[in-house]
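Coordinate analysis (summary)
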Amino acid sequence: MRVLLAVMRWDAPTLHDSGPARPRVERQAITREFGDITCYEVSARTAIEAVPAAAELPYAWAVSPYRGCQTGCRYCAARKGHRYLGLDTGDDFDTKIVVKTDLADRLRRELGAAKWRGDAVAVGLNGDCYQGAEEVYQLMPKIIKALADAANPFTVLTKSPLILRDLPLLREAAKVTRVSVAVSVGFVDDRLRRGLEPGAVSPQRRLEICAALNEAGVPCGVLMAPILPLITDSADHLQATVRRAAEAGAVTLTPGVLRLPSGAREAFMAWLARDHPGLVPRYEELYGTGPLTPADYRARIASQVESLAATYGIGRASKQWKRRRSPDRQLTLV
Ligand code: SF4
């Protein structure tokens, strides 16, 4: 995770005129520059968004304070969204961040609406909610408070140690509703991390975040994604990751094989061609023109991870925890 924003100069905001060469989002936003990062400040039209079934994620609803992500994971499925803003899915996704500055206010209104049923929401799907921009904008404390005041269950997804800043708030929220965190650790090889997740802290540091949250009483699991076909899907790789997650006290483990929707596919395949050129034809064969590997391959990997998780005892604590909390409002993270 880059932490550049903490030390960058805060320039005066600039309202840009519309013009044909400018990205669409720039015409509707206040633009702030922080070194090589551009932030577009916008008003949130919607706070709680439905997660499309095609995303194959264990979440039905999401709250995303940021679009775009300085962590810059090559495989990020959210890259595609930048196209709709008039931005590209490559460098723009990593350096041009949309910031929904009034998201917490909007969220409070939506959580209080009669039609909202109090379902669990995932926070941080379209961009890490604790990326560098959060050091400047500090949207997450207000979002956590809004969710806690409504006693609405939620899960935070992140790779960033900045979440530990909000540990006291998460603990308070956990007294009134079901709160959990999922730290994404698809593999524990730090060389791979440098190429594929250039703005993220090491897998080891992420596992330490997981341990710190669990020790503080905020249940934290590991989102074991992406598992990379032919790279990190060997028995040894899977075992190493599951073992380290167990050592960190992960209460849940959710495996996910690499998905390559449009946007992610271009960025990931460029990395693959550079670092593993011999695998390019095999990936093309495995994925064809779609975003997914064959169903039987995914089922085999899920079964292997499930078996390893059972061996290392992951999930036992969460099952006890789940029984203590209203099961009818559980998120499907397992
Ligand atoms: S941290 Fe998450 S949201 Fe950010 S680039 Fe990586 S996968 Fe995408």
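I will try to describe carefully the structure that is included in this document. Predicted model only: the values in this text are computed from it and were never measured. (Residues numbered from 1 in each chain as written. Predicted model: local features only at pLDDT ≥ 70, side-chain atom pairs only at ≥ 80, totals over all residues. Heavy atoms only, no water.)

Within the structure shown, the criterion is met by five aromatic pairs. Relative to tryptophan 116, the ring of tryptophan 61 lies with its centre 5.4 Å away and its plane at 75°, an arrangement referred to as edge-to-face. In this pair, tryptophan 61 sits in strand 5 (residues 61-63) while tryptophan 116 sits in the loop between helix 3 (103-111) and strand 8 (121-123), placing the two residues 55 residues apart along the sequence. Tryptophan 61 sits in the partly exposed class, given a relative accessible area of 24%. Taken together, the aromatic side chains of Phe268, Trp271, Tyr283 and Tyr287 make up a single cluster linked through ring pairs. (Phe/Tyr/Trp six-rings, centres within 6.5 Å; stacked < 30°, edge-to-face > 60°. Helix = DSSP H or I, 4+ residues; strand = E, 2+ residues; numbered from the N terminus. Buried < 20%, exposed > 50% of the residue type's maximum accessible area, 1.4 Å probe, protein only.)

Now for the sheet that holds strand 12 (residues 253-257). Taken together, seven strands build an open sheet; the order of strands is 4-5-8-9-10-11-12 and the sheet is mixed. Either end of the sheet is taken by a strand with one partner, and the two such strands are strand 4 (49-50) and strand 12. Across the face of the sheet, helix 8 (residues 203-215) comes into contact with strand 10 (179-184) and strand 11 (220-227) while running at roughly 155° to strand 11. (Pairing = 2+ DSSP bridges. Contact = heavy atoms within 4.5 Å. Axes fitted to C-alpha atoms, helices over the stretch in contact; angles between N-to-C directions.)

For the rest of this paragraph, the subject is the pairing of strand 3 (residues 37-42). Counting buried positions along strand 3 yields six of six residues, so the element is predominantly enclosed. Of the two faces of strand 3, the one holding Ile37, Cys39 and Glu41 and the one holding Thr38, Tyr40 and Val42 are both buried throughout. By the bridge criterion, five bridges tie strand 2 (residues 30-34) to strand 3 in an arrangement that is antiparallel. If you follow arginine 32 over to strand 3, its bridge partner there is cysteine 39. Connecting strand 2 to the next strand, strand 3, in antiparallel fashion are two residues, including glycine 35 with a positive phi near 60°. Where strand 3 and strand 7 (residues 96-100) come together, five bridges link them in parallel fashion. Bridged to threonine 38 within strand 7 is lysine 96.

Another aspect to go through is the layout of surface pockets. Computed from the structure, the second largest pocket encloses a volume of approximately 340 Å³. Taken together, 14 residues form the lining of the second largest pocket, with Val42, Ser43, Arg45, Arg67 and Leu85 sitting closest to its centre. Mapped onto the lining of the second largest pocket, the elements with two or more residues apiece are helix 1 (24-27) and strand 7. In the lining of the second largest pocket, the residues fall into six nonpolar, three polar and five charged. (1 Å grid on protein atoms, 1.4 Å probe; cavity = no way out; pocket = protein on both sides within 12 Å on 5 of 7 lines; lining within 4 Å. Points joined across faces, edges and corners; volume = space filled by probe spheres on them. Nonpolar A, V, L, I, M, F, W, Y, C, P; charged D, E, K, R; others polar.)

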